[in-house]
Amino acid sequence: MEVNEVFDKVKSLFEEELGIDSEKITMDAKLEEDLEIDSLGIVEVVMAFEDEFEIEIDDEELTDVGTVGQAVNLLHSKL
Amino acid sequence: MKTVFVTGASRGIGKSIALELGKDYQVIVGFSNSKDKADEVAEEIKKLGGESLAVQLNIADRNSVDEAFNLIEKTYKQVDILINNAGITKDNILPRMKDDEWNDVIQTNLTGNFYTSQRAIKKMIKNKWGRLIFISSVVGISGNQGQANYAASKAGLIGLSKSISKEVGSRNITSNVIAPGYIETDMTSFIDDENRENIIEQLSIKRMGMPEDIANMVSFLCKDESEYITGQVIPIDGGLTT
């Protein structure tokens, strides 16, 4: 799967699971500051990622993930 | 129909809760050793037109908890309501209390409920609805001689539940503790007639509690109508702790 395809899926999951305005969701958008996702929200999207991409994500892998782009790259590397 | 998981539901308070909730929900009857009794509870729910399944687990063992949830989620998607009821006693006065007596009671009554709650809460967060109810004890509020381990474990549930209530309130999940007083169950059957009279003397309502007294409150806390009640400790004890 190409990076831009992963981004599209991530974008639609953010919209569906957390009701985030799609215009705000860019590769540079910061999860906490720009998209206002709280720690429980992160748990929700991680579970959604795991279901959608059929992968498992450890908490340790998330420590360096602060933006949408970093999340997309993590997912892309696991596919 | 929502799915309820009641741990320790083969007898006593847990059984009564399972039977009461069987009227409105799919009920998972959790048990550790008493398979026959748990099956009877599930059968009784089915006889009354409900849906039920008995599932074996040892809540003190995380793997066992995971296996039980995997089994439940295969059939019922998710646990919407978790009733953390299972518990044990290993009474002794403090100077004589063995490490095993302390550790076993804390592991089952407190850590075991951490395992079940952690496992259930993820699906509740995703679903943006859930109910956690912990069956503690008035002993967790007042203490009791010979029960330092049990009282500590039951008091620990209060901190656990209150913290959970703050973490997940934004997702329409409530967490509450019920603190039963003297309830007629196997756990209180050792009390002799003279002591029983002394106990009743202290109560405002002049009788021992019945498991149904607990089940009725649990039933209310499961409902949407209870959504503004969270992080609370509700003693049901005939006025003992008043």
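Residues numbered from 1 in each chain as written. Chains lettered and ligands numbered in written order. Predicted model: local features only at pLDDT ≥ 70, side-chain atom pairs only at ≥ 80, totals over all residues. Heavy atoms only, no water.

> Please provide a residue-by-residue account of the overall build of chain B, values included.
Along chain B, the regular secondary structure elements total eight helices and seven strands. Over its C-alpha atoms chain B spans a radius of gyration of 17 Å, differing by no more than 12% from the 18 Å that the globule rule assigns to 242 residues. Principal-axis analysis of the C-alpha atoms gives chain B an extent of 50 × 40 × 35 Å. The burial tally for chain B puts 51% of its 242 residues in the buried class. Taking the intrachain contacts of chain B between residues at least 6 apart in sequence as the baseline, contacts between residues at least 24 apart amount to 71%. In the structure as shown, chain B presents an accessible area of about 11700 Å², 48% of it carried by carbon and sulfur atoms. For chain B, the centre of its 28 positive side-chain charges and the centre of its 32 negative side-chain charges are spaced 8 Å apart. (Helix = DSSP H or I, 4+ residues; strand = E, 2+ residues; numbered from the N terminus. Rg over C-alpha atoms; globule rule 2.2 N^0.38 Å. Buried < 20%, exposed > 50% of the residue type's maximum accessible area, 1.4 Å probe, protein only. Contact = heavy atoms within 4.5 Å. Areas by Shrake-Rupley, 256 points an atom, 1.4 Å probe, with all protein chains shown as cover. Lys, Arg positive; Asp, Glu negative; His and termini not counted. Charge placed at Lys NZ, Arg CZ, Asp CG, Glu CD.)

> Describe in detail the packing of helix 1 (residues 12-21) of chain B against helix 2 (residues 35-47) of chain B, supporting the description with residues and values.
Residue and element names in this part refer to chain B. Helix 2 packs onto helix 1 with a crossing angle of 20 degrees between their chain directions and a minimal axis gap of 9 Å. The orientation of helix 1 relative to helix 2 falls into the category roughly parallel. Crossing hand, helix 1 versus helix 2: right-handed. Contacts between helix 1 and helix 2 pair Lys15, Ala18 and Leu19 from the former with Val41, Glu44 and Ile45 from the latter. (Axes fitted to C-alpha atoms, helices over the stretch in contact; angles between N-to-C directions. Parallel < 35°, antiparallel > 145°, perpendicular 65-115°, else oblique. Left-handed = near helix turned anticlockwise from the far one by under 90°.)

> Mind laying out the nonpolar core, listing which residues take part and the relevant values?
Residue and element names in this part refer to chain B. Counting residues in each nonpolar core, the largest one holds 31 residues, and the members touching the most others are Ile17, Leu21, Val29, Ile83, Ile214 and Val218. Elements represented by at least two residues in this core include exactly strand 1 (3-6), helix 1, strand 2 (26-31), helix 2, strand 4 (81-84), strand 5 (130-135), helix 8 (211-222) and strand 7 (233-236). Residue contacts for isoleucine 17: discarding those within four places in its chain leaves Val6, Ile83, Ile135, Ile214, Ala215 and Val218. Grouped together as the second largest cluster of nonpolar side chains are 28 residues, Tyr76, Ile121, Leu157 and Leu160 included. (Core = buried A, V, L, I, M, F, W, Y, C linked by side-chain atoms within 4.5 Å.)

> Can you tell me about the side chain of B:Ser64, naming the residues and giving the values?
Residues and elements named next belong to chain B. Topologically, serine 64 is positioned in helix 3 (residues 62-76). Taking relative accessible area as the criterion, serine 64 reaches 12% and is therefore assigned buried. Setting aside anything within four residues of it in sequence, one finds serine 64 in contact with Leu57 and Asn58.

> Which residues make up the packing of helix 4 (residues 99-127) of chain B against helix 6 (residues 148-168) of chain B, and what values go with them?
All names here are of chain B. In the contact formed by helix 4 and helix 6, the axes pass within 8 Å of each other and the chain directions differ by 15 degrees. By the angle between their directions, the pair helix 4 and helix 6 is classed as roughly parallel. Crossing of helix 4 over helix 6 shows right-handed handedness. Across the interface between the two elements, Glu101, Trp102, Val105, Ile106, Asn109, Leu110, Asn113, Phe114, Ser117, Ile121 and Ile125 from helix 4 touch Ala148, Asn149, Tyr150, Ala152, Ser153, Lys154, Gly156, Leu157, Leu160, Ile164 and Val168 from helix 6. A per-class count over the contact of helix 4 with helix 6 returns 14 nonpolar, six polar and two charged. (Nonpolar A, V, L, I, M, F, W, Y, C, P; charged D, E, K, R; others polar.)

Scope: geometric values only; no functional claims are made or implied.
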